[in-house]
Amino acid sequence: MKEKLNITGIIKTFDRSACLERLLRSVKENRGNMWFNFIIADDSKISSKTKITMMFWDIVEEYIEMPYDSWISKWRQIALEKIKTKYFLLCDDDFIFSEKINFSYLLEILEKNKLDILGGTLDDKPEFLYRIGSFFSQIKKKKYKNAFSILLKKKINRTFFGEIITWDFEYWKYKFEYWKYHEKISEDLFMVDYVSNFFLCRTDSIRDAWWWKSLGKIGNEHGLFYVRMKENKLKVAILKKGFTAIHRQIFSIKYLLKRFRKYDNKKSEEDFKKIS
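Summarised in this report is the structure supplied together with it. Being a predicted model, the structure only gives us computed values, none of them experimental. (Residues numbered from 1 in each chain as written. Predicted model: local features only at pLDDT ≥ 70, side-chain atom pairs only at ≥ 80, totals over all residues. Heavy atoms only, no water.)

1. Section: the pattern of salt bridges
The test is simple: Salt bridges are identified by distance alone: a Lys or Arg side-chain nitrogen within 4 Å of an Asp or Glu carboxyl oxygen. Secondary structure elements follow DSSP: runs of H or I no shorter than four residues count as helices, runs of E no shorter than two count as strands, and numbering proceeds from the N terminus. Only protein chains enter the accessibility calculation, which uses a 1.4 Å probe. A residue is then buried if its area is under 20% of the maximum for its type, exposed if over 50%, and partly exposed in between.
Scanning the entire structure with this criterion turns up 12 salt bridges. D204 serves as the salt-bridge partner of R207, at 3.6 Å between the closest nitrogen and oxygen. With R207 and D204 both in helix α7 (residues 203-208) and 3 residues apart, the pair spans about one turn of that helix. Of the residues examined, R207 reaches a relative accessible area of 33% and is grouped as partly exposed. Linked by salt bridges that have partners in common, R16, D93 and D94 make up one network.

See below:
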């Protein structure tokens, strides 16, 4: 008999129906005797609601169709308001569950250590088009070593392990210190400031921190989200083993252009300053 957990998964999808279908199929194949439902928000040009809800009727709780290209922060707030469970799991649509994850064990870690956010690790396997886009993005920033590394590597270990945020209130800037952590709780559990878009967390903690609603259409919302979490003194940790997904992109040229569009980061910082 399958055990229903007090978790809701939330996924945002944009013009990548194949990715979404692949993710949900991998969830069903690797969920073992534990299960929970997902809320999906779709701001694609062509919605996949009919197809996805028919194929995955047993795990898709709600499928939200949104106006085209509605921005990430907006849909996340809408999904957050619909969650009725104590915890939620955040996933991107281009993830793949390649192994059975013991979510009951993850909840025990959250409770035992009084964590608000528990981050997983990603095994990154970028498609060629994504590498090309990332390559030119890094070249533009004059990060030449990073650019060629992204272009040539077939597999990138992107665990986001031990990232610390340093926030400069005078200049309203933040930076990351990689491969560092605040505290080592156990052999595989570390207190940090920043994890990827693959995490399990307490629903009320994120609601109380006034998360995505306040970020609006800010382009670099992921980093600013963790700045807000740090300001609200939320406890963030990363688990190096037992909580891993594959990250593999599938997309068109049109999606690539949207993905690497130019954001006005200065305006983002000004907007964030107004709401903080």
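2. Re the sheet that holds strand β11 (residues 183-184)
Using the following cut-off: Here the rule is simple: two strands pair whenever DSSP picks up at least two bridges between them.
Strand order in the open sheet formed by 9 strands is β3-β2-β1-β4-β13-β6-β14-β12-β11, and the pairing between neighbours is mixed. Bordering the open sheet on either side are β3 (60-65) and β11, each of which pairs with just one other strand. The pairing of strand β12 (residues 189-192) with strand β14 (residues 236-239) spans 4 bridges and is classified as antiparallel. Looking at β14, one finds that V192 is bridged to V236.

3. Topic: the nonpolar core
Side chains of nonpolar character tend, in soluble globular proteins, to be buried together. Let me state the cut-off plainly: By nonpolar core we mean a set of buried residues, namely Ala, Val, Leu, Ile, Met, Phe, Trp, Tyr and Cys, connected to one another through side-chain atoms within 4.5 Å.
Formed by 38 residues in total, the largest nonpolar core has its most connected members in L24, L89, F103, L118, F198 and F243. At 5 residues, helix α4 (residues 103-112) tops the list of elements feeding residues into this core. Core analysis: the second largest hydrophobic core is formed by 25 residues, I10, I39, V192 and F225 among them.

4. Let's talk about the pairing of β12
Of the two faces of β12, the one holding L189 and M191 and the one holding F190 and V192 are both buried throughout. Where β11 and β12 come together, 2 bridges link them in antiparallel fashion. What sits directly across from K184, in β12, is F190. Hairpin remark: β11 followed by β12, antiparallel, with 4 residues in the connecting loop.

Remember, this is a structural readout, not a statement about activity or role.
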